[in-house]
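# Chains, contacts and geometry: an overview
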Amino acid sequence: MFTKKQRSNKVSVAVGIALFVMLIGAAVPIKTWLELAEQTPKVLKIDGLMASKSAVKPLALLKPEEREAELKRLAKGDKKPDRVQARYLLAQDLLEAGKADEALQWLENLENDYSILAPYVLKTTARAYEVKGNPEKARDTWQALLDEYPDSPVAAEALYALGKSEPKYWDEAIARFPAHPRSVEIAQTLLKDNPDDLELLLPIAKHGIYLENYQSYLETLIEKHESRLTQENWEAIAFGYWEKQEYGKGAQAYARAPWTAQSAYRVARGRQVSGDKTGAIAAYKRLNFDFPDSEQTGLGLLRLIRLLEPKEAAPYIEEVLERFPERAPEALFERAELLDELGSKSSAEEARQAILSEYSDSEAAAKLRWSLAQQSATIKDFEEAKKWALQLREENPDSDLAAEAGFWAGLWAKRLEQDKQARAVFEDVLYNDTDSYYAWRSAVHLGWDVGDFTSVRDLNPEVVRQTERVEVPAGSEQLKELYQLAQDQDAWRLWQVEFTNRMDPTVAEQFTDGLIRLGVGDNLDALFMVSSLAWRDTPEERAEYKAIEQKPHYWEALYPFPYLDPILKWSRANELNPLLVTALIRQESRFMPKIRSVVGAVGLMQVMPETGEWVADSIGLKEYDLDNPNDNIRLGSWFLSFTHRQYKNNSMLAVASYNAGPGKVAEWVDEFGLTDPDEFVEQIPFPETKGYVINVFENYWNYLRLYNPEILNRLSGS
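Keep in mind that this is a model prediction, so the values were computed, not measured. (Residues numbered from 1 in each chain as written. Predicted model: local features only at pLDDT ≥ 70, side-chain atom pairs only at ≥ 80, totals over all residues. Heavy atoms only, no water.)

## Some details on the overall build of the chain
Within the chain, the secondary structure is distributed over 41 helices and two strands. Against the compact-globule benchmark of 27 Å for 718 residues, the chain has a radius of gyration of 28 Å, which places it among compact chains. For the chain, the C-alpha atoms occupy an extent of roughly 85 × 65 × 55 Å along the three principal directions. Each of the 718 residues in the chain was classed as buried or not, and the buried ones make up 54%. In the chain, the proportion of contacts linking residues at least 24 apart, taken out of those at least 6 apart, comes to 57%. For the chain, the computed accessible surface area is about 32400 Å², with 48% contributed by carbon and sulfur atoms. Distance from the positive charge centre (85 side chains) to the negative charge centre (115 side chains) of the chain: 2 Å. (Helix = DSSP H or I, 4+ residues; strand = E, 2+ residues; numbered from the N terminus. Rg over C-alpha atoms; globule rule 2.2 N^0.38 Å. Buried < 20%, exposed > 50% of the residue type's maximum accessible area, 1.4 Å probe, protein only. Contact = heavy atoms within 4.5 Å. Areas by Shrake-Rupley, 256 points an atom, 1.4 Å probe, with all protein chains shown as cover. Lys, Arg positive; Asp, Glu negative; His and termini not counted. Charge placed at Lys NZ, Arg CZ, Asp CG, Glu CD.)

## Quick look at the packing of helix α37 (residues 651-660) against helix α38 (residues 662-672)
Where α37 contacts α38, the two axes come as close as 7 Å, and the packing angle between them is 130°. When the axis of α37 is compared with that of α38, the two are oblique. Judged by residue contacts, Leu653, Ala656, Ser657 and Ala660 of α37 engage Pro662, Lys664, Val665, Trp668 and Val669 from α38. Among the residues forming the contact of α37 with α38, the class breakdown is seven nonpolar, one polar and one charged. (Axes fitted to C-alpha atoms, helices over the stretch in contact; angles between N-to-C directions. Parallel < 35°, antiparallel > 145°, perpendicular 65-115°, else oblique. Nonpolar A, V, L, I, M, F, W, Y, C, P; charged D, E, K, R; others polar.)

## Focus on the pattern of salt bridges
Using the criterion set out here, one finds 47 salt bridges in the structure. A salt bridge links Glu172 to Arg176; the shortest N-O distance between them is 2.9 Å. One end of the pair, Glu172, and the other, Arg176, are both in helix α10 (residues 168-176), four residues apart, so they sit about a helical turn from each other. With a relative accessible area of 32%, Arg176 lands in the partly exposed category. With a closest N to O distance of 3.5 Å, Glu337 and Arg352 form a salt bridge. Of this pair, Glu337 sits in helix α20 (residues 328-341) while Arg352 sits in helix α21 (residues 345-358); the two residues are 15 residues apart in sequence, bridging distant segments of the chain. A relative accessible area of 36% means that Glu337 is categorised as partly exposed. For Arg352, a relative accessible area of 15% puts it in the buried group. (Salt bridge = Lys/Arg side-chain N within 4 Å of Asp/Glu carboxyl O.)

## Quick notes on the environment of Ser362
Examined against the element boundaries, Ser362 turns out to sit in the loop between α21 and α22 (363-378). Sequence separation between Ser362 and Ser399 is 37 residues; the distance between their C-alpha atoms is 8.3 Å. Polar side-chain contacts of Ser362 include one of 3.1 Å to the backbone nitrogen of Ala365. (Polar contact = N/O pair within 3.5 Å; in protein donor to acceptor, adjacent residues only side chain to side chain.)

## Regarding the environment of Trp440
Inspection of the secondary structure assignment puts Trp440 in helix α26 (residues 437-445). Owing to a relative accessible area of 0%, Trp440 belongs among the buried residues under this scheme. Here the alpha-carbon distance between Trp440 and Arg705, two residues 265 residues apart in the chain, equals 9.1 Å. Polar contacts involving the side chain of Trp440 include one to the main-chain carbonyl oxygen of Gly451, which spans 3.1 Å.

## Regarding α22
Here α22 spans 23 Å end to end across 16 residues, near enough to the 22 Å set by a 1.5 Å rise per residue. When we look at burial in α22, the residues that qualify are Ala364, Ala365, Ala366, Leu368, Arg369, Trp370, Ala373, Ser376 and Ala377. For α22, the elements touching its buried residues are α20, α21, α23 (382-395) and α24 (402-415). Directly after α22, the chain includes Lys380, whose backbone phi takes a positive value near 65°. (Expected span 1.5 Å × (residues − 1).)

## Things to note about helix α29 (residues 507-519)
Its 13 residues place the ends of α29 19 Å apart at the C-alpha level, agreeing with the 18 Å of an ideal helix rising 1.5 Å per residue. Immediately beyond the C-terminal end of α29, within one or two residues, lies Gly521, with a positive phi of roughly 80°.

## Here's the deal with the nonpolar core
Phe697 and Trp701 are the most contacted members of the largest nonpolar core, which has 222 residues in total. It is helix α40 (residues 687-707) that provides the largest number of residues to this core, a total of eleven residues. Apart from residues no more than four positions distant in its own chain, Trp701 is found in contact with Leu430, Thr434, Asp435, Ser436, Ala439, Trp440, Ala443, Val450, Ile711 and Leu715. (Core = buried A, V, L, I, M, F, W, Y, C linked by side-chain atoms within 4.5 Å.)

## What to know about the environment of Val444
Tracing the backbone shows Val444 in helix α26. On the basis of relative accessible area, Val444 is assigned to the buried category, the value being 15%. C-alpha of Val444 to C-alpha of Phe239: the two residues are 205 residues apart in sequence and 45 Å apart in space.

## A look at the confidence of the model for the chain
Averaged over all residues, the pLDDT of the chain equals 92, while 92% of them reach at least 70. Below a pLDDT of 50 lies the segment residues 1-52, which in the model reaches 117 contacts outside its immediate sequence neighbourhood of four places, other chains included. (pLDDT = per-residue confidence, 0-100.)

## A short note on the packing of aromatic side chains
Tallied over the entire structure, the rule returns 36 aromatic pairs. Taking 5.8 Å as the distance between ring centres and 80° as the angle between the ring planes, the aromatic pair formed by Phe407 and Trp408 counts as edge-to-face. For Phe407, a relative accessible area of 1% puts it in the buried group. A relative accessible area of 5% places Trp408 in the buried class. For the ring pair Trp440 and Phe697, a centre distance of 5.1 Å and an interplane angle of 5° mean the geometry is stacked. Residue Trp440 is located in helix α26, and its partner Phe697 is located in helix α40; the two are separated by 257 residues in the primary sequence. Feature note: the residues Trp370, Phe407, Trp408, Trp412, Phe426, Tyr437, Tyr438, Trp440, Phe453, Phe697 and Tyr700 constitute an aromatic cluster, connected by ring pairs. Against the face of Trp555 rests Arg705, its NZ or CZ located 4.5 Å from the ring centre. (Phe/Tyr/Trp six-rings, centres within 6.5 Å; stacked < 30°, edge-to-face > 60°. Lys NZ or Arg CZ within 6 Å of the ring centre and 35° of its normal.)

## Details of unusual backbone geometry
At Phe591, a residue that is not glycine, the phi angle is positive and equals roughly 65°. On the secondary structure map, Phe591 appears in the loop between α34 (578-589) and α35 (609-619). For Phe591, a relative accessible area of 0% puts it in the buried group. Here Lys648, not a glycine, exhibits a phi torsion of approximately 50°, which is positive. Note on placement: Lys648 falls in the loop between α36 (629-646) and α37.

In structure tokens form, the structure reads like this:
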């Protein structure tokens, strides 16, 4: 049931050398692809496979002006794959610049040579004629696209264009390609004249989850057509609410969807998360009654146990132990907690010993060991604390607690003047939990030049970032070609049609969805899709996830670099480490420029309007817009610099102050002192702020270890 992670003395070569050779490109200072072309091999061997030989794909992420000359050279060359890709990209760049005539020159007869993207060539040609002001030619080209590729999702683009003058085409688009964003757009447009139309609301409910006002369509659908909705309609509505994190409404909808173990579980969980304790208890009990053997029921019973009074909860603990042996460690943990509440200390201790002896490699055992380690540390018994922490690390290496336990075992060894053991433990954390905050703290204690709390601000590390995309693991060959050429809007539209398994995606589909979302700036949901791959729990899915986790593009997706230019500009202006600013933005907004918090913080750096006004006044900025990435980063980075000045360039205090405010941080410094910064972080009394500090510096470390050649090579043993 439980497996140990195989440990090594260095990170995977795939996450080391392979990442470095694939990420040639923009750096701090920025290096262009052309500057590195002479020193970059034409063919790279990665993980034993030959990497793409395309000379065009490494240019796809550059700005049009940076790649124009090289694309023109390749477009006139003898190598057909490079030639057709270069012509296509040149046409796209020229069309974007409004140079339709030049674009048409590169597009002429290109569909005959570029079969994989032939319908997209026709689409681009039609758009070029529209920009040129030749509606007749545009219409003929749209019709040719429709005639020659009637089953291609790109046909929805032709139906959209033709339907502006002939409504029948719009009806055809919705009927044939309901998931295509153009069809969703058509439905939105038609709803303006008939806002209650059921046949227009339903495709939006099922396929328009990405719309900003998506929930309003669900509300209208329920309000106007509640009695006409089928169970399948309710399932689509429920899934939509769940995706938008409106769990209470999702629970109501799942109650009317096809009755499965998952829908029953989500009714209960939705009620619980939305604060309906009584309703949640009733729903968990119904789940247990209706689906006694389902996987969801085992988890549901554990959640039910935590909602009930001890005496009522006890029989359900026994049910879990009897019927769901894979949940036994968690059930024993709950039994121990319950027995403590009832005053049965000896019985509680027996339950804990059973966890350690019978389920030693379980997450429940890890939680128990860490609790015992912390109890020992509290009374200064560092030898005992270290024993439990190292035992956790050995028996529970896959636990979320393993990195933290290892780091503190190293610190406790140092306090016991066991320096050799401390170093060995720090190295173990650094090389085997490399993506964690505690790996960064271990690197600091090992003397690596990665910036400590008091020195990280002044670092200006070189950063080598991605310039060539790898192939997405799911989807058609057409989708993969569009993605690698950074034709992100077209790739995203195509994926909306191809991604038919949204409610239960495979690992490959979920990762692909995350990558495609990143391409169009849907960064919040993209990072969720990528990060939540780690939650997969079947052996087959875990194996797929682990294989993806070893690839550099997994980490690139988790730690992307949007808005690099303004980050560099205002980091330098405010004498800040640009990776620290990037790390803070990732934590604050997931790089969503117009996001709002519940308290009114705005944009990338989540600047409160009153703070923005004060900063703008301080720097003499008369006009600004917090929704504008450049303005937001300018004001937010100045404020981060201000918090650094307040705390003598202690970045830990500055970051904590950015989250909790300077008043609270000053109180904590007075109360706890700063003798040991690692202890200080643990003592921060606001869980949100403590987590915020850890997450920001974990982000910082991951950007450093992934994109800084020196640290990357050192971790990979190069």
